[in-house]
Amino acid sequence: MSIYNCKLCGKSIKNSALLGRHLHYHHKEIDKETYYKNYINSTHKCIICDSPTRFINLNSGFVPTCSAKCATKLQWKDKDRIEKQSQRFKENNPVIPGARKGRKNNKPYPMTDVVLSRLKSNTPPSWLGKKHKPETKIKMSETRINKIESGEIKIMGGYKGKFQPKNPSKYKGDPTNIIFRSRWELIVMVKLDEHPDVLEWSSEEIKVAYISPIDNRRHIYFPDFFMRRRDKDGNTKSFLIEVKPKAQTVPPKVQGKPTKRYINEVATWGVNEAKWKMAEQYCADRGWDFIKITEDDLGLKF
């Protein structure tokens, strides 16, 4: 079956690339992958494990295997390759094929039990690395967090990603969509998630309206964290938490003639002060506390 003839309208197409353009402009109701499965070749399963594979294009079709692991197994299932390996490892083979000229060790490759079992079962070497137990993964994660806190591991080029809580029931919101935008926020998230006295917490789930002194207009401020925790007496208390560098929590000091940097720092301080003033009022209306966390509170080293 030629792929250069459109099976929907019968038009003759020069090559598969033009066929794809033809489908795009004249048969928008069907995509390339569906067309390939319906009219060219319906095979789209992995040769090794029968899992769905990825579609490439109309010319190449689907990838024969679903992963690198299955691709390696497919390579080791090649009978010609196994036969060549068997010939190479024979005891009466005087020299290993492909050995460099002048090699002193002319003895054949040793036929160990490992080699024999591999040739027998066609099992390829693993490319996936060592499989760790769940408790080992937890220890590895805690070790990395501790090294980040101490400054032993320094993140270059920013630190942003999704946080996966160990106790999702404590999170007030969607636990599958928790975004951290700095390693400081990541450290706070880990502590909120694992601390036994924290009953409930969230990240950027609360909105606070404020008036910016820059444009005198209304804006929305999302405090970094909300936390409800239990104190030593068993009472519960709620907090709004803002994570900021210590330098941004105090008014900037002018030294001599004001510079452009100083003007930007004054503008940033003015916006932050307006945000925090409204956050304090928001908390006071609800009986909460508003606190600011800096690098000193996290015990970070720079």
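That block above? That's the structure.
Conventions adopted
- Residues numbered from 1 in each chain as written.
- Predicted model: local features only at pLDDT ≥ 70, side-chain atom pairs only at ≥ 80, totals over all residues.
- Heavy atoms only, no water.
- Pairing = 2+ DSSP bridges.
- Helix = DSSP H or I, 4+ residues; strand = E, 2+ residues; numbered from the N terminus.
- Axes fitted to C-alpha atoms, helices over the stretch in contact; angles between N-to-C directions.
- Contact = heavy atoms within 4.5 Å.
- Buried < 20%, exposed > 50% of the residue type's maximum accessible area, 1.4 Å probe, protein only.
- Phe/Tyr/Trp six-rings, centres within 6.5 Å; stacked < 30°, edge-to-face > 60°.
- Disulfide = S-S within 2.5 Å.

Colleague: Quick question: what am I supposed to make of the sheet that holds strand β10 (residues 289–293) here?
Modeller: Pairing between sheet strands relies on hydrogen bonds along the backbone, with the strands arranged either parallel or antiparallel. If you walk across this open sheet you meet the four strands as β5-β8-β9-β10, and the pairing is mixed. A single partner strand is all that each edge strand has here, and the edge strands are β5 (198–203) and β10. Within this sheet the neighbouring strands show an average axis-to-axis angle of 25°, counted without direction. Contacts from helix α8 (residues 260–286) reach β9 (236–243) and β10 within the one sheet, and its direction differs from that of β10 by about 140°.

Colleague: It is not clear to me how the environment of F55 should be interpreted in this structure. Could you clarify?
Modeller: Looking at where F55 falls in the secondary structure, it is placed in strand β1 (residues 55–57). Of the residues examined, F55 reaches a relative accessible area of 17% and is grouped as buried. For F55 and Y36, which are 19 residues apart along the polypeptide, the C-alpha to C-alpha distance reads 9.2 Å.

Colleague: For this particular structure, what's the right way to read the packing of aromatic side chains?
Modeller: Remark: the centre distance and the inter-plane angle together describe each pair of aromatic rings, the angle taken between the planes. For the structure shown, the criterion picks out 10 aromatic pairs. Summarising the aromatic geometry, the rings of F163 and W201 are spaced 6.2 Å apart at their centres and angled 65° between planes, so their arrangement reads as edge-to-face. Here the residue F163 occupies a position in strand β3 (residues 161–163), and W201 occupies one in strand β5, the gap between them amounting to 38 residues. Given a relative accessible area of 9%, F163 falls into the buried group.

Colleague: What am I meant to see in the state of the cysteines here?
Modeller: A covalent bond bridging the sulfur atoms of two cysteines is what the word disulfide describes. For the structure shown, the criterion picks out zero disulfides. There is no disulfide at C46, and the cysteine sulfur nearest it, in C49, is 3.7 Å away. A relative accessible area of 4% means that C46 is categorised as buried. With no disulfide of its own, C49 lies closest to C66 among cysteine sulfurs, the gap being 3.3 Å.

Colleague: What exactly am I supposed to notice about the pairing of strand β8 (residues 225–230) here?
Modeller: Along any regular strand the residues' side chains alternate between the sheet's two faces. Relative to β8, β5 is paired through five bridges, and the arrangement is antiparallel. Within β8, the position partnered with V198 by the bridge is R229. Strand direction decides the pairing type here: β8 and β9, joined by six bridges, are antiparallel. Across the sheet, residue F225 finds its bridge partner in β9, namely I241. Hairpin connection from β8 to β9: five residues lie between these consecutive antiparallel strands, with G234 at a positive phi of about 90°.

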